[in-house]
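Residues per chain, in single letters:
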Amino acid sequence: MILKIKQGLFFLCLFLSQHLAITQQLDLGLYLGAANYNGDLSENLSSSLNQNHPMVNVQVRLDVDPVFSLKLQGSQLTISGDDALATNPQFLKRNLNFKTRIYELALIGQMQILNLFRMEPMRFSPYLQMGFAYVNFHPTGIYNGSLVDLQALGTEGQGMPGYPDKYSLHTTAYVFGAGLRYHLTSNLSLGLELNLRLSNTDYLDDASGNYVAYQELLRFKGRTAADLGNKINARTGQQRANPKSNDGYQTLGLGLHYHFGKNPLFKNSLFKNPVRCPSF
């Protein structure tokens, strides 16, 4: 009986050793930075960079092992675009603009690049990351000096007879990014992150399809929708935006992390077996 108990303890210890051989490290980070957008109302990179807005990001990160980490992050940011910044005469004539508030919740996997080649912990750690995000957005436009809700207006005929329903204000996005981390103390580190999002909607900017004739919009949706949806008095069916390419946005942030427990850089047990096996 005692032998069986010892054998049981031995196999339990072996199992835990395999699954808990690396102490899981948890840290909390706060990031501040800037966000901008790419889509139908951004002619090029220059016009995107001219439309930067504040971004705040809170993240909880778990080190699964020396190479891979998993983090949950919540972000609040604003993006915008304006045809007035374009050089293309067609975009200038179209004269659309928007500003969208975004709330995002993302689950992201992270890979510490240098740890692929060496196991010793280092102060400086570059990483790559990829994940999936839930996105809530709310596009607005300027009308007579005030912001108005563009989705509710149906500027491309949404909700009218023969047209699709209003688009959803909820979508998903793929997140791709890279970052650098530098450990200051055993509990604090600085982070710099660049993240790109490819969304699954073309309506972050409220522009995706074709024009609806001004008089038709005026009849069914009212003057505000007609004035904002068709500023050039285009005919119904004339192209307003490109429906074949979804919208995206990117953020650049500088953050501070607090690490719970000792950091592996300072002789922590991250690379040691935390399970105490009985000796027989």
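In this text, all values refer to a predicted model and were calculated from it rather than measured experimentally.

About the thresholds
- Residues numbered from 1 in each chain as written.
- Predicted model: local features only at pLDDT ≥ 70, side-chain atom pairs only at ≥ 80, totals over all residues.
- Heavy atoms only, no water.
- Phe/Tyr/Trp six-rings, centres within 6.5 Å; stacked < 30°, edge-to-face > 60°.
- Helix = DSSP H or I, 4+ residues; strand = E, 2+ residues; numbered from the N terminus.
- Buried < 20%, exposed > 50% of the residue type's maximum accessible area, 1.4 Å probe, protein only.
- Core = buried A, V, L, I, M, F, W, Y, C linked by side-chain atoms within 4.5 Å.
- Contact = heavy atoms within 4.5 Å.
- Salt bridge = Lys/Arg side-chain N within 4 Å of Asp/Glu carboxyl O.
- Pairing = 2+ DSSP bridges.

What follows concerns the packing of aromatic side chains. Counted under the stated rule, the structure contains 5 aromatic pairs. Their ring planes at 5 degrees and their centres at 6.4 Å tell us that Phe-137 and Tyr-167 sit as a pair that is stacked. Highlighted residues: Phe-137 in strand S5 (residues 124–143) and Tyr-167 in the loop between helix H4 (150–153) and strand S7 (170–183), separated in sequence by 30 residues. Overall, Phe-137 belongs to the buried group, its relative accessible area being 1%.

Core analysis: the biggest nonpolar cluster contains 29 residues, and Leu-77, Ile-79, Ile-102, Phe-137 and Tyr-249 have the highest contact counts within it. Breaking this core down by element, the ones donating at least two residues are strand S1 (25–38), strand S3 (68–82), strand S4 (97–112), S5, H4, S7 and helix H6 (223–229). Excluding anything up to four places from it in sequence, Tyr-249 contacts Asn-36, Tyr-37, Asn-38, Leu-77, Ile-79, Ile-102, Glu-104, Val-135, Asn-195, Leu-196, Arg-197 and Leu-204. Of all hydrophobic cores here, the second largest spans 5 residues; its members include Met-160, Val-212, Leu-217 and Ala-226.

Next up on the list: the pattern of salt bridges. Applying the stated criterion across every chain yields a total of 6 salt bridges. Of the charged contacts in the structure, one is a salt bridge between Asp-63 and Arg-61, with a shortest N-O distance of 2.5 Å. Exposure class is identical for Asp-63 and Arg-61. Each is buried. Through salt bridges with shared partners, one network takes in Asp-27, Arg-61 and Asp-63.

When S1 meets strand S2 (residues 53–63), the two strands line up antiparallel, connected through 11 bridges. Pairing of Gln-25 across the sheet is with Asp-63, part of S2. Two strands pair when backbone bridges link them, and S2 and S3 are joined in this way by 9 bridges, in the antiparallel orientation. Paired with Leu-62 across the two strands is Leu-70, which belongs to S3. Taken together, S2 and the strand that follows it, S3, pair antiparallel across an intervening segment of 4 residues.

Let us look at unusual backbone geometry. Of note, the phi angle at Asn-95 is positive, near 60 degrees, even though the residue is not glycine. The topology assignment puts Asn-95 in the loop between helix H3 (89–94) and S4. On the basis of relative accessibility, which here comes to 34%, the residue Asn-95 falls in the partly exposed class. Although it is not a glycine, Asn-144 sits at a positive phi angle of roughly 55 degrees. In this structure, Asn-144 sits in the loop between S5 and strand S6 (146–149). Of the residues examined, Asn-144 reaches a relative accessible area of 69% and is grouped as exposed.

A few words on the environment of Tyr-211. Note that Tyr-211 resides in the loop between strand S8 (188–199) and helix H5 (214–221). Judged by relative accessible area, which is 4%, Tyr-211 ranks as buried. In the structure, Tyr-211 is positioned 29 residues away from Arg-240 in sequence and 5.4 Å away in space, judged by C-alpha atoms. Beyond its immediate sequence surroundings of up to four residues, Tyr-211 is in contact with Arg-94, Gly-229, Asn-230, Ile-232, Ala-234, Arg-235, Thr-236, Gly-237, Gln-238, Gln-239 and Arg-240.

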